[in-house]
Amino acid sequence: MTVMSETVARPFEQPATVRSQVTVPLRFPDGFAATAEIMTFHGLADGKEHLLLALGEWEQTLLDQGPEGTAPLVRLHSECLTGDVFGSERCDCGPQLREAVEEIAAVGGFLLYLRQEGRGIGLYSKLDAYALQDNGLDTYEANVALGRGEDERDYSAAAQMLGALGAGRIRLLTNNPDKVGQLTDLGVDVSEQVPTGVHLSAANHRYLAAKRSHTAHTIELPAEILPADFLPAVIIPSHDELLSRVDALVPRLRDRAAETEEIRRIPEATMAELKAAGVFQMLAPKAVGGFGMGLETYVEVVRRLAQGCVSTAWSVGHLVEHVWMLARWPQEAQDEVFANGPAPLAAATGAPPGKAEKVPGGYTVSGRWSFASGIMHSEWALLAVQHGEVRLQCLVPVSDLDLLDVWHTAGLRGTGSNDLRAENLFVPAHRALEWNLLAVADNPGSRIHPDPSIHTPMATFLNMVAPAAALGAAEHAIEVFQDLMMVRKVKQTTQARQADSPLAQARFSQAYGQVATARLHWQEAVRVVAASFDRRPAAFTDEERARYRLSLGLSGAASAEAVRLILTGSGGSVHRLTHPLQRIQRDVNVLLNHASLTMDPILEQAGRGLLDLGLSIPAEQF
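Everything numeric here is computed off the predicted structure, so don't read it as measured data. (Residues numbered from 1 in each chain as written. Predicted model: local features only at pLDDT ≥ 70, side-chain atom pairs only at ≥ 80, totals over all residues. Heavy atoms only, no water.)

## Some thoughts on the overall build of the protein
Then, in step 1: Across its full length, the protein carries 22 helices and 14 strands.
Then, in step 2: In summary, the protein has a C-alpha radius of gyration of 27 Å against a globular reference of 25 Å for 622 residues, a match within 12%.
Then, in step 3: In terms of principal-axis extent, the alpha carbons of the protein reach across some 90 × 75 × 45 Å.
Then, in step 4: For the protein, the residues scored as buried account for 57% of the 622 residues in total.
Then, in step 5: Sequence-distant contacts, at least 24 apart, represent 68% of the contacts inside the protein between residues at least 6 apart.
Then, in step 6: If you sum the accessible surface of the protein, you get close to 26100 Å²; carbon and sulfur atoms cover 53% of it.
Then, in step 7: A gap of 4 Å separates the mean positions of the 54 positive and 74 negative side-chain charges of the protein. (Helix = DSSP H or I, 4+ residues; strand = E, 2+ residues; numbered from the N terminus. Rg over C-alpha atoms; globule rule 2.2 N^0.38 Å. Buried < 20%, exposed > 50% of the residue type's maximum accessible area, 1.4 Å probe, protein only. Contact = heavy atoms within 4.5 Å. Areas by Shrake-Rupley, 256 points an atom, 1.4 Å probe, with all protein chains shown as cover. Lys, Arg positive; Asp, Glu negative; His and termini not counted. Charge placed at Lys NZ, Arg CZ, Asp CG, Glu CD.)

## Quick look at a nonpolar patch on the surface
Then, in step 1: Residues Leu81, Val85 and Phe86 make up a contiguous nonpolar surface patch of roughly 310 Å² in combined accessible area.
Then, in step 2: With respect to the element layout, leucine 81 can be found in helix H2 (residues 81–85). (Patch = residues over 30% accessible without salt bridge, like charges linked within 9 Å, V, L, I, M, F, W, Y side chains within 5 Å. Salt bridge = Lys/Arg side-chain N within 4 Å of Asp/Glu carboxyl O.)

## Quick look at the sheet that holds strand E9 (residues 362–372)
Then, in step 1: In spatial order, the strands read E12-E13-E9-E8-E10-E11-E14; together these 7 strands make up an open sheet with mixed pairing. With one partner strand each, in any of the chains shown, strand E12 (402–404) and strand E14 (432–434) form the two edges of the open sheet. Shown here is a sheet whose adjacent strand axes are inclined to one another by a mean of 25°, direction ignored.
Then, in step 2: Note: strand E10 (residues 380–387) against strand E11 (residues 390–397), 8 bridges, orientation antiparallel. Looking across to E11, one finds that valine 385 is bridged to leucine 392.
Then, in step 3: On the sheet, helix H14 (residues 310–326) packs against strand E8 (346–359), E10 and E11 and is oriented at approximately 35° with respect to E8. (Pairing = 2+ DSSP bridges. Axes fitted to C-alpha atoms, helices over the stretch in contact; angles between N-to-C directions.)

## Quick look at empty space enclosed by the protein
Then, in step 1: Taken as a whole, this structure holds 2 cavities of 30 Å³ or more when the rule is applied.
Then, in step 2: Quantified by volume, the largest cavity comes out at close to 400 Å³.
Then, in step 3: Taken together, 29 residues make up the lining of the largest cavity; nearest its centre are Cys93, Arg119, Arg153, Tyr207 and Lys211.
Then, in step 4: Of all the secondary-structure elements, those providing two or more residues to the lining of the largest cavity are strand E4 (73–78), helix H3 (93–107), helix H4 (117–120), helix H5 (123–134), helix H6 (139–145) and helix H9 (205–215).
Then, in step 5: Considering every element that reaches the lining of the largest cavity, the biggest residue donor is H5, with 4 residues.
Then, in step 6: A breakdown of the residues in the lining of the largest cavity according to their chemical character gives 7 nonpolar, 13 polar and 9 charged. (1 Å grid on protein atoms, 1.4 Å probe; cavity = no way out; pocket = protein on both sides within 12 Å on 5 of 7 lines; lining within 4 Å. Points joined across faces, edges and corners; volume = space filled by probe spheres on them. Nonpolar A, V, L, I, M, F, W, Y, C, P; charged D, E, K, R; others polar.)

## A closer look at the layout of surface pockets
Then, in step 1: In this structure, the second largest pocket encloses a volume near 1200 Å³.
Then, in step 2: Lining the second largest pocket are 38 residues, with Gly350, Ala351, Leu462, His594 and Ala595 sitting closest to its centre.
Then, in step 3: Secondary-structure elements contributing two or more residues to the lining of the second largest pocket are H14, E8, E9, E11, helix H17 (459–462), helix H21 (580–591) and helix H22 (599–610).
Then, in step 4: Among the elements that line the lining of the second largest pocket, the one with the most residues is H14, at 5 residues.
Then, in step 5: Of the residues belonging to the lining of the second largest pocket, the class tally is 19 nonpolar, 15 polar and 4 charged.

## What about the confidence of the model for the protein?
Atom-level detail of predicted coordinates should not be read off regions where pLDDT is low.
Then, in step 1: For the protein, the mean per-residue pLDDT works out to 89, and 94% of the residues sit at or above 70.
Then, in step 2: Below pLDDT 50 for its whole length, residues 1–12 participates in 32 contacts with residues either more than four positions away or in separate chains. (pLDDT = per-residue confidence, 0-100.)

## Overview of unusual backbone geometry
Then, in step 1: At the junction of alanine 351 and proline 352, the peptide bond is cis and its omega measures out at -10° in the coordinates.
Then, in step 2: Among the secondary structure elements, proline 352 is positioned in strand E8.
Then, in step 3: Despite not being glycine, phenylalanine 371 has its phi angle at roughly 60°, a positive value.
Then, in step 4: By relative accessible area, which is 52% here, phenylalanine 371 ends up exposed.
Then, in step 5: Here the phi dihedral of asparagine 424 falls at roughly 50°; this positive angle occurs in a residue that is not glycine.

## Observations concerning the pattern of salt bridges
Then, in step 1: Across all of its chains, the model carries 31 salt bridges by this definition.
Then, in step 2: For arginine 98, the salt bridge identified is with glutamate 102, shortest N-O distance 2.7 Å. Within this pair, arginine 98 and its partner glutamate 102 are both found in helix H3, separated by 4 residues, close to a single helical turn.
Then, in step 3: Judged by its relative accessible area of 6%, arginine 98 falls in the buried class.
Then, in step 4: Among the salt bridges present, the one from glutamate 102 reaches arginine 265, with a minimum N-O distance of 3.7 Å. Pair noted here: glutamate 102 is in helix H3 and arginine 265 is in the loop between helix H11 (257–263) and helix H12 (268–276), with a separation of 163 residues, a long-range link.
Then, in step 5: Connected via shared salt-bridge partners are Asp247, Glu300, Arg303, Arg304, Glu475 and Arg519.

## As for helix H19 (residues 502–531)
Then, in step 1: With 30 residues, H19 extends 43 Å from end C-alpha to end C-alpha; this agrees with the ideal 44 Å at 1.5 Å per step.
Then, in step 2: Those residues of H19 not exposed but buried are Ala504, Phe508, Ala511, Val515, Ala518, Trp522, Ala525, Val526, Val528, Val529 and Ala530.
Then, in step 3: Check the buried side of H19 and you find it contacts helix H13 (295–306), H17, helix H18 (465–485) and helix H20 (542–568). (Expected span 1.5 Å × (residues − 1).)

## Structural notes on the nonpolar core
Then, in step 1: Counting residues in each nonpolar core, the largest one holds 99 residues, and the members touching the most others are Val279, Met282, Leu295, Tyr298, Tyr548 and Leu591.
Then, in step 2: Among the elements that make up this core, the one with the highest residue count is H18 (14 residues).
Then, in step 3: Those residues in contact with tyrosine 548 that lie beyond four places of it in its chain are Ala459, Thr460, Asn463, Met464, Ala525, Val528, Val529, Phe540 and Phe622. (Core = buried A, V, L, I, M, F, W, Y, C linked by side-chain atoms within 4.5 Å.)

## Remarks on H9
Since the α-helix packs 3.6 residues into each turn, any two residues three or four apart lie on the same face.
Then, in step 1: Of all the residues in H9, the buried ones are His205, Tyr207, Leu208, Ala209, Ala210 and Lys211.
Then, in step 2: Summarising the contacts, the buried residues of H9 are in contact with H3, H4 and H6.
Then, in step 3: Alanine 216 sits one or two positions beyond H9 and adopts a positive phi of about 60°.

## Focus on the pairing of strand E7 (residues 189–194)
Then, in step 1: As paired strands, strand E6 (residues 169–173) and E7 are joined by 5 bridges and run parallel to one another. By the bridge assignment for E7, leucine 172 is matched with glutamine 193.

## A short note on the environment of alanine 142
Then, in step 1: One can find alanine 142 in helix H6.
Then, in step 2: On a C-alpha basis, the gap between alanine 142 and serine 125 in space is 9.7 Å, while along the polypeptide they are 17 residues apart.
Then, in step 3: Leave out the neighbours within four places in its chain, and alanine 142 touches Ala129, Leu132, Gln133 and Leu137.

## Considerations on the sheet that holds E6
Then, in step 1: An order of E1-E2-E3-E5-E4-E6-E7 is seen for the 7 strands of this open sheet, with the pairing classed as mixed. Edge positions in the open sheet fall to strand E1 (17–27) and E7, since each of these has one partner strand only. Pairwise comparison of adjacent strand axes, ignoring direction, gives a mean angle of 30° for this sheet.
Then, in step 2: Packed onto the sheet, helix H7 (residues 156–165) meets E1, strand E2 (33–42), strand E3 (51–55), E4, strand E5 (109–114) and E6 and runs at close to 145° relative to E5.

## As for the environment of valine 323
Then, in step 1: Topologically, valine 323 is positioned in helix H14.
Then, in step 2: Note: C-alpha distance between valine 323 and proline 344 (21 residues apart in sequence) is 6.3 Å.

In C-alpha cells form, the structure reads like this:
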C-alpha cells in the first residue's frame, strides 16, 4: 500500500510516481534479516534506476509525521559495489548499509538506494581514485585530480522519491550535512539529523578523517580511541587507557539499552564503537595483532560495560573470551580464523553437545545447541560435540548453520543467545579438537604464543563474565537509586523526599553495603586467579579453585541482594519498561541462573575443596 499526502512541497513540474512495489526478504552475512517493500519510480529527475526500500512500520510513520508525531527515519545510501557487495574496508559503506536497515526497520521508514557510485563519479573512476589515494591523496583530492568534482551527487531524485510516498517530514540518518542541506532546499522538512555509527578500521581511517575535516561530517574520531595518523601497526593501550575508552561508551550504552532489548542484539552502532575502541582484541595474542592483555583488564571491562547495559556486557564478555579460546587452537586453525584480523568473533555453546561421526578428512556433526550468546555478531561458532567417549569442540562458519530465533526471555534479552542447528555437517579435522586439550594450561596455542593468559586453564576465564556483569549492574542500580531518593516523594510519609526518611537511609546503607560486599568478593576472586599467572603451568589447587569460585558466587548473590533491596524501595514507577531499574532486575535474575552463579553446586564443591576432601567433579568443569 502506498500512502500519499497532498501537503508535500513539490519542487518539480512533473513529480515522480511509483512504478512498481515488490516484497523482498533481506538477509545479511551476519544473519540479520528484515523484510523490505522495494519500490521503483517513473519520472526521476536524473533518469537513473534508484530504489526505495520501505522498512518496518513505514505506513504508520507516514500517518504520524505531523508536527506532533514521529517522522519516518530515512537514509540516503549511495551505491558502493566495493563496500556493499565485496565488503571493502576502504570505506564505511557496507557497515552503514547494514546498520541503516536495522535502525530503520526497528522504527519504520525508508532506505533510498541511490545509483551514485563513488560520490557520483562512477565505479571505474572511483577505483582510479583509490590508486591516487594509495599515493597520498585523500578521497576528495583524488576526485579532483581525475578532473571530477569532490562530490557530484545531486539528491533531487531522492526528494522526488520521498514526495511520491508523501514523506514530507523526515528524520535523516546521516553524518553528512550536505544531504540535510540539499533535501531542505528541495522542500523536504528534515526534523532531525540522526548520526550513524563510526565504522572505523585501519583501512578507512584516513577516509573518515577526510570526511570529518573537509566536509564537516559529524564523525567522532577521538585521539584517545585511535590516533589521527593511525596505521595498521598495532598500538597497544595500557590497562587504564582501555578502561577510559570503555567508560566513554557507558552513557551511550545506557541510551541504547532499551533498543538493545527491543532488537534482541547489540545495535550496530555500539558494535562499531566497541571495535573502534579495541575491546574485542584485548585478549588476542600480540602475534596476531591483539593486545595480549590479562584477566584483570578483561573482567574490569565487562564490569564497566555492565554499568551501561548488562546484555551488551554479557555478549561482549563472551565474544572477547572466545577470541582467547581461538588462540588456544593449533596453528592451522589459527591461520584460518585470524586471517582477517586480530578479533574474529565467535559464539560458543555446548548445551547440549551434539554428536560427531568420524569420516575421511574429519567429522560430520549433528545437533541443536542452545544459548549461543553473541551469535548475531559472529562469523564462527564453537560447538561441543560428543564422539564416543571423547568430547570435541568443533569450529564451524556460522553460515553453515541454521540459526533458530528462540531467544525470547525475561532478562538478558539483548544478548541474542539463540539456538543453532546442523545435520551431518562436515568439519575438517583441523577444526575439531579434543576439549581436554583445549581446556588445560598446556594447550596447543600455549606452544605458539607467549602471552600469559593463553597459558591458563580455560575455566579461569569462563566463570568470570556473569559475576562481573552482575556487579556492574548492581553498581549502576545503586547510582540510579541514590538519584531517585533525592527527588522521590513516598506516599504515606511526612518527608518531602525519600532521602530524608531514616528508614530509607537505612535501606540505602544496606544496599550500598551489599554492593561493597559483592565488589570485595569479586576482587578477591580476581586476585586468586591472577596470582596463578606467575606459575607455569598456571594450575590451581582444589583449595584455590574453591576459594575463587566461592568468592564469585558470593559476589553474585550480594549483587542480586543489592538490586532486590533497591527495587523494593523504589516504588511502583520503576517497573515501567522505560525505567532502567526494572531491566537491571530482570537481567540480574537471569544471571543468577547461570552455572557460574548457581549457589548449590558452588557451595558443595567449594566446601569439599576447602575441607581437602577433593572435588567430586572434574576440575575443568568447576
